[in-house]
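Given next are the chains, with one letter for each unit.
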Amino acid sequence: MTLRIEEHRDRVVATLDRPEKRNAIDQATIDALHDLCALLERTPRTLIITGTDGVFAAGADIAQLRDRTADDARRAINATAFIRVHDLPMPVIAALDGYALGGGAELAYAADIRIATPSLRIGNPETGLGIIAAAGATWRLPEIVGDARASELLLTGRALDAEEALRWGLVSSLHPADELLAAAHRIVDRIAANDPLATRHTKRALRTPRAGHPAIEVELQAELFESPEKIRRMTDFLEKRR
Ligand code: COA
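Draft legend 1. Quick peek at a nonpolar patch on the surface. Taken together, Ile62, Leu129 and Ile131 make up a surface patch of nonpolar side chains, about 260 Å² in accessible area. Tracing the backbone shows leucine 129 in the loop between strand 7 (121–123) and helix 6 (137–145).

Draft legend 2. Representation of the site of the ligand in the model. For the ligand, the set of nearby residues contains 15 residues, the closest of which are Lys21, Arg22, Ala58, Ala60 and Ile62. The contact in question runs from an oxygen atom of the ligand to an N or O atom on the backbone of glutamate 20, over 3.4 Å. Between the ligand and the protein, one listed contact pairs an oxygen atom with a side-chain N or O atom of arginine 22 at 3.0 Å. Out of a free accessible area of 870 Å², the ligand has 59% covered by protein chains. Grouping the constituent residues of the shell around the ligand by class yields eight nonpolar, two polar and five charged.

Draft legend 3. Here's a closer look at helix 7 (residues 147–156). Regarding helix 7, the residues found buried are Ala150, Leu153 and Leu154. Angularly, the buried residues of helix 7 cover 90 degrees about the axis, an arc narrow enough to put them on a single face. For helix 7, the exposed residues lying more than 90 degrees away from the buried face are Ala148 and Leu155. Elements that come into contact with the buried residues of helix 7 comprise helix 5 (103–109), helix 6 and strand 8 (159–161).

Draft legend 4. Representation of the pattern of salt bridges. The tally for this structure, following the rule as stated, stands at 17 salt bridges. The shortest N-O distance in the salt bridge between aspartate 71 and arginine 74 comes to 3.9 Å. Residue aspartate 71 and its partner arginine 74 are located together in helix 3 (residues 70–74), separated by three residues, close to a single helical turn. With a shortest N-O distance of 2.8 Å, lysine 203 and aspartate 112 are connected by a salt bridge. Of this pair, lysine 203 sits in helix 10 (residues 196–207) while aspartate 112 sits in the loop between helix 5 and strand 6 (113–116), and the two are 91 residues apart along the sequence. Judged by relative accessible area, which is 5%, lysine 203 ranks as buried.

Draft legend 5. Summary view of unusual backbone geometry. In this model, histidine 213 is joined to proline 214 through a cis peptide bond whose omega is 0 degrees. Structurally, proline 214 is set in the loop between helix 10 and helix 11 (215–225). Positive phi, normally seen in glycine, also occurs at arginine 22, with a value near 55 degrees. By the element assignment, arginine 22 lies in the loop between strand 2 (11–16) and helix 1 (27–42). We classify arginine 22 as partly exposed; its relative accessible area is 46%. Residue asparagine 23 is not a glycine yet carries a positive backbone phi of 55 degrees. Mapped onto the elements, asparagine 23 comes out in the loop between strand 2 and helix 1.

Draft legend 6. View of the packing of helix 6 against helix 7. Two elements in contact, helix 6 and helix 7, have axes whose closest approach is 7 Å; the angle formed by their N-to-C orientations is 135 degrees. Relative to helix 7, the element helix 6 is oriented oblique. Handedness of the helix 6/helix 7 crossing: right-handed. Mapping the contact onto sequence places Ala137, Thr138, Leu141, Pro142 and Val145 in helix 6 and Asp147, Arg149, Ala150, Leu153 and Leu154 in helix 7.

Draft legend 7. Broad picture of the layout of surface pockets. Taken as a whole, the largest pocket spans an internal volume of roughly 570 Å³. Considering the residues around the largest pocket, the lining is formed by 27 residues, among which Ala60, Leu65, Asn78, Ile131 and Ile132 are closest to the centre. When residues of the lining of the largest pocket are traced back to their parent elements, those giving at least two are helix 2 (62–67), helix 3, helix 4 (77–86) and helix 5. The residue makeup of the lining of the largest pocket, split by class, is 17 nonpolar, five polar and five charged. By volume, the second largest pocket is sized at about 410 Å³. The wall of the second largest pocket is formed by 16 residues, among which His86, Asp112, Glu143, Leu206 and Arg207 lie closest to the centre. Broken down by class, the residue content of the lining of the second largest pocket amounts to six nonpolar, three polar and seven charged. When residues of the lining of the second largest pocket are assigned to domains, at least three map to each of domain 1 (3–192) and domain 2 (196–241).

Reading the values: the criteria
Residues numbered from 1 in each chain as written. Predicted model: local features only at pLDDT ≥ 70, side-chain atom pairs only at ≥ 80, totals over all residues. Heavy atoms only, no water. Patch = residues over 30% accessible without salt bridge, like charges linked within 9 Å, V, L, I, M, F, W, Y side chains within 5 Å. Areas by Shrake-Rupley, 256 points an atom, 1.4 Å probe, with all protein chains shown as cover. Salt bridge = Lys/Arg side-chain N within 4 Å of Asp/Glu carboxyl O. Helix = DSSP H or I, 4+ residues; strand = E, 2+ residues; numbered from the N terminus. Near = heavy atom within 4 Å. Polar contact = N/O pair within 3.5 Å; in protein donor to acceptor, adjacent residues only side chain to side chain. Nonpolar A, V, L, I, M, F, W, Y, C, P; charged D, E, K, R; others polar. Buried < 20%, exposed > 50% of the residue type's maximum accessible area, 1.4 Å probe, protein only. Arc of directions from axis to C-beta. Contact = heavy atoms within 4.5 Å. Axes fitted to C-alpha atoms, helices over the stretch in contact; angles between N-to-C directions. Parallel < 35°, antiparallel > 145°, perpendicular 65-115°, else oblique. Left-handed = near helix turned anticlockwise from the far one by under 90°. 1 Å grid on protein atoms, 1.4 Å probe; cavity = no way out; pocket = protein on both sides within 12 Å on 5 of 7 lines; lining within 4 Å. Points joined across faces, edges and corners; volume = space filled by probe spheres on them. Domains from an automatic or database assignment.

Structural measurements only, silent on function.
Right under this line is the structure:
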């Protein structure tokens, strides 16, 4: 099993667990990610995705990549899985320790929130292997860090260390390795204290292309304005003040 799943009422923790191959993302991992997405589409919960043994993921599995053909490239095997992760109804938090390279970095870019340890090394060395980063880096990384920085990273193949990733806003905070998971859970606790439907709608609005605004907010808010949970939460607030 390359992906360990731990289910809780309001969250799921998925741990990439193939340490002997530095959690290289192979077809079995992609299949497991699809199963995980199916689970979270059926019963939406916040997802923490993390690695093992001081490594998030050292890339797509190069042994499998080497044998892939043009037809395989057109099937967008990793891109399709990472898009599904990105599109999950509830937030996705990537907790990154050590290497997050190539496809591992692209899986992290697909998350809504990234946190890391001081030993993070994140980047896309694909051109050095004679391929492009085709599972999200060329469109997601510019959205996260801006065009100039994304171009520098993808055209040189250099990896950022934790401090630089923090400065660039690629990760939002750094934590010692033994506190990383607890920090991720604290983020989930904050999310869990809010209205799940409002969280899902916020994520949908954030994910909607510019041309869809403000129509998308109007519709989502119209639904929330008549939700019993909104009345309850606002009444609670007003009555506590009295
Ligand atoms: N795909 C397939 N196998 C990988 C892998 C990958 N992306 N990354 C590591 N492995 C395998 C190694 O081949 C090795 O297997 P072996 O024990 O059967 O020889 C095992 O994982 C351990 O890797 P090793 O290189 O010995 O570990 P390390 O701790 O010395 O170095 C890295 C770690 C991440 C620096 C190094 O493994 C590396 O450069 N990996 C490839 C990174 C990359 O180019 N990723 C982009 C892919 S698109």
